[in-house]
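Results of the structural survey
Okay, here's what each chain looks like letter by letter:
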Amino acid sequence: MRIAPLSFFVTATLMAASVLAQDTATVNAVESELAVKQTELDNYTQILDKHISEEARLQSQLTLLRTRSSELDKEKNQALDAMNELYRRLIDDPSIDITAAQTRYQQAVSTHKQNKDDISMQLAAIASHRKDIEQIRITKHTLVNTLESLKDQLSTARVERLRNEFTREGTLEVEHTINCKRTETLAACEQRGQQLGLQKATKRFIDQVFANLTEQRIVEPKRNIAGAQVQVVNSHVVGSAFSGQGNYSVNLSVTMRGDMNNSRLCSLLNLDNRFCSEYGTPLSMGYQASYPTTFSDTQLTFKDVSDNIGQVEVTKADQQPVIEIDTQRVTNVSPAQSEKVNSVAVTLRSNVYDDEVFINGVSYGSTKLTVNVPKGIHDIEVRKLGYQPYKAQIDIRKARTINARLLKKPESIAAPTPKSEQKQVIAKRTKTVVTPSQANNAIVIIPAGSFKMGDLTGNGLANERPVVEKVLSNSYAMQSKEVTVGEYRQFITSTGYQTEAEKGKGCAYYKNGEPVWELDYKWSNPGFNQADNFPVVCVSYEDAKAYANWLSGEKGQQFRLPNEVEWEYAARASTTSEYPWGNEIGKNLANCGWCGSEYSNKSAAPVGEFAPNNYGLYDTVGNVWEWTQKRASQDDVTVRGGAWNFAPSLARVSTRLALAADFRANYIGFRLVRER
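Residues numbered from 1 in each chain as written. Predicted model: local features only at pLDDT ≥ 70, side-chain atom pairs only at ≥ 80, totals over all residues. Heavy atoms only, no water.

Within an unreviewed UniProt entry, the label attached to the chain reads Sulfatase modifying factor 1, and the organism entered is Pseudoalteromonas citrea.

This brings us to the packing of helix α7 (residues 485–495) against helix α9 (residues 541–555). Running from N to C, α7 and α9 point in directions that differ by 80°, and their axes come no closer than 10 Å. Taken together, α7 and α9 sit at an angle that is classed as roughly perpendicular. Across from E487, Y488, Q490, F491, S494 and T495 in α7, the residues of α9 making contact are D543, A546, Y547, W550 and E554. Tallied by class, residues from the contact of α7 with α9 come to five nonpolar, three polar and three charged. (Axes fitted to C-alpha atoms, helices over the stretch in contact; angles between N-to-C directions. Helix = DSSP H or I, 4+ residues; strand = E, 2+ residues; numbered from the N terminus. Parallel < 35°, antiparallel > 145°, perpendicular 65-115°, else oblique. Contact = heavy atoms within 4.5 Å. Nonpolar A, V, L, I, M, F, W, Y, C, P; charged D, E, K, R; others polar.)

With that settled, consider the pairing of strand β3 (residues 247–260). Most of β3 is tucked away, with 11 of its 14 residues classed as buried. Pairing analysis gives 11 bridges linking strand β1 (residues 169–179) to β3, with the strands arranged antiparallel. In the strand pairing of β3, G170 is matched with M256. Examined bridge by bridge, strand β2 (residues 228–242) and β3 share 13 bridges and lie antiparallel to one another. Looking at β3, one finds that N234 is bridged to T255. Here β2 hands over to β3 after four residues, with G246 in that stretch at a positive phi of 85°. (Buried < 20%, exposed > 50% of the residue type's maximum accessible area, 1.4 Å probe, protein only. Pairing = 2+ DSSP bridges.)

Before going further, it helps to spend a moment on the packing of aromatic side chains. Throughout the structure, instances matching the rule amount to 22 aromatic pairs. For the pair Y488 and F670, a centre-to-centre distance of 6.3 Å together with 75° between the ring planes defines the contact as edge-to-face. You can see Y488 sitting in helix α7 and its partner F670 sitting in the loop between β27 (668–669) and β28 (673–674), a full 182 residues away along the chain. Of the two residues, Y488 and F670, both sit in the buried class. Ring geometry for F491 against Y547: centres 5.7 Å apart, planes inclined by 85°, an arrangement best described as edge-to-face. Highlighted residues: F491 in helix α7 and Y547 in helix α9, separated in sequence by 56 residues. The pair formed by F491 and Y547 is uniform in burial state, with each residue classed as buried. Three or more aromatic residues joined by ring pairs form one cluster here, namely Y488, F491, Y497, W523, Y547, W550 and F670. (Phe/Tyr/Trp six-rings, centres within 6.5 Å; stacked < 30°, edge-to-face > 60°.)

Counting 57 residues, the largest nonpolar core has Y488, Y547, W625, W627, Y667, I668 and F670 as its most contacted members. When contributions to this core are tallied by element, the ones reaching two or more residues are α1 (14–92), α2 (99–166), α7, β21 (507–511), α9, β24 (625–627), β25 (637–640) and β26 (656–659). If we skip the residues at most four places from it in the chain, I668 touches V536, V537, C538, V539, V624, W625, W627, V639, L659 and F663. F166, L172, V254 and L268 belong to the second largest nonpolar core, which has 34 residues in total. (Core = buried A, V, L, I, M, F, W, Y, C linked by side-chain atoms within 4.5 Å.)

This part is about the sheet that holds strand β20 (residues 476–479). Pairing between the strands of a sheet is mediated by backbone hydrogen bonds and can be parallel or antiparallel. Read from one edge of the open sheet, four strands run β17-β20-β28-β23, paired in antiparallel fashion. Sheet topology places β17 (443–446) and β23 (559–560) at the edges, where each strand pairs with a single neighbour. Two strands pair when backbone bridges link them, and β17 and β20 are joined in this way by four bridges, in the antiparallel orientation. In the strand pairing of β20, I445 is matched with A477.

Structure follows, in structure tokens:
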């Protein structure tokens with residue numbers, strides 16, 4: 001048997017080649033930008049380390065100067081006492097020489113004054129150095145966010161490139177020879193030979209598609225779950241002949257187009273499924289309406305020309321069938337059995353939206369969904385976070401519709417629920433109907449316990465390591481939601497307090513990936529539309545502490561910012577994953593940059609817009625960064641939780657950013673703990 005040279009991607013492929021080159025150029029451009037930004041981040045990290053070392057040196061010198069100040073003050077007092085004693089003696093004995101005592105005192109005063117001046121200069125140098133450190137840290141945070149955003153762009157570009165590589169079109173010439181059966185007519189032998197040649201062409205085509213994938217090394221091991229398909233656009237016989245030995249040879253030219261189950265692209269590239277969500281419901285029926293015959297990859301497997309046994313007799317070549325390559329769902333089918341394997345359409349529906357359908361463990365996207373599967377027994381599962389999954393093993397022999405009903409889990413572990421789906425909250429005591437925005441910022445009890453604090457998955461930043469075992473011996477109480485604009489307004493009205501944004505240079509916001517100061521931005525005007533149930537932002541660490549002190553007086557109980565251990569322990573809520581629901585950010589489960597919510601990269605969301613974690617805390621992922629209480633030894637303050645305009649990877653439960661205490665931005669707020 002001889003296979004003619006491939007004219008792969010010759011016919012009608014100029015546009016496809018251009019698209020693929022464009023895809024690769026996009027991936028390369030993002031990778032190049034990533035490398036540049038990573039180098040910048042590394043440089044700033046080194047600069048920051050040097051500045052921190054220099055600050056430590058300056059602080060050490062300041063300590064020495066202050067120690068010397070005490071010694072010089074003591075020397076000055078001793079010199080003064082000695083000189084005063086000589087003055088008293090001089091009254092009785094005018095001949096006493098007091099010059100040496102005067103000189104000693106003058107030198108002591110001068111040295112003490114110089115040391116005080118040195119302390120003042122040292123403090124000024126440290127203050128200037130602190131400003132440099134603060135600016136470098138802000139720049140570093142900006143670069144980290146930019147890097148994480150670029151990683152998201154890279155993932156999206158890789159998915160798009162792979163999709164285009166799977167859906168390319170090309171023409172293939174193939175020659176195939178079979179031995180005619182004694183019992184079949186020449187016409188039947190000719191038809192069978194052409195059909196087997198067509199199958200060979202499609203098999204070769206899909207092999208070439210996989211062989212030419214840019215990320216073939218990553219994708220090829222998962223070929224059995226790829227769900228790749230081939231559409232035969234047209235085919236014609238270039239030449240054919242019968243031999244005297246009863247053989248029939250045919251040379252076919254086949255134009256084919258690839259197709260792909262888009263829901264599997266992310267699995268093939270080991271990416272979060274959110275990068276494939278824009279493609280919507282995966283292709284299932286494909287071109288079935290135009291080309292009704294579908295074959296699995298096992299039917300495309302054929303014996304060598306030396307074998308005398310034909311395989312499958314199917315429709316004529318001019319019917320241009322779709323060849324579906326899906327080794328997961330049809331495997332180990334012999335040639336005799338393959339003739340009996342047919343696909344049937346299954347429609348899946350459920351009583352919830354934004355769910356995910358799994359057939360035999362493979363994700364097919366959200367309902368309503370129609371998918372083509374081989375006849376036989378299949379494991380069907382429909383999942384949605386916060387709901388009990390629907391699971392069933394169904395023997396599918398003909399087209400049918402499956403209606404899955406999912407039951408909601410208890411509220412403490414409910415799935416994040418968008419505003420459009422939120423129901424009114426029934427006040428337990430008064431039975432009064434209130435909306436979530438009207439409900440009070442409830443206090444929830446965080447139980448005592450222990451946990452591992454830090455980067456548990458290896459995906460975090462350097463300041464999240466090492467992982468440390470922490471023990472909280474006592475339970476404590478924490479506000480379930482971030483402090484709102486309405487709550488902060490009560491404090492301002494009651495006290496007349498002026499925030500640092502109102503007294504200083506305003507509040508920072510992100511513009512073109514950089515924090516920019518806007519003089520007019522403040523807690524009541526953060527640069528985006530907000531209501532009383534939005535988290536208060538544009539408040540500094542001291543502004544948050546001032547509110548806590550006021551609330552303590554109002555309630556007669558002690559409120560304060562949570563320390564980092566308390567915050568992370570409460571946010572983890574007995575989980576060890578990156579987020580309360582798992583290690584993938586998902587879509588529309590939180591308000592962070594590129595997280596798929598209506599607020600992402602636009603503004604903060606109302607508090608409690610998404611469901612709480614296992615401890616009943618809302619918005620520990622995204623929405624706004626939250627101030628935590630600093631230790632006495634700290635100069636900087638750490639914010640936790642991510643924000644609406646920061647990358648999803650920075651909304652992980654262990655992410656921490658260090659900022660100056662007087663920094664304020666329209667993406668930073670806070671919540672409080674109540675001491676018991």
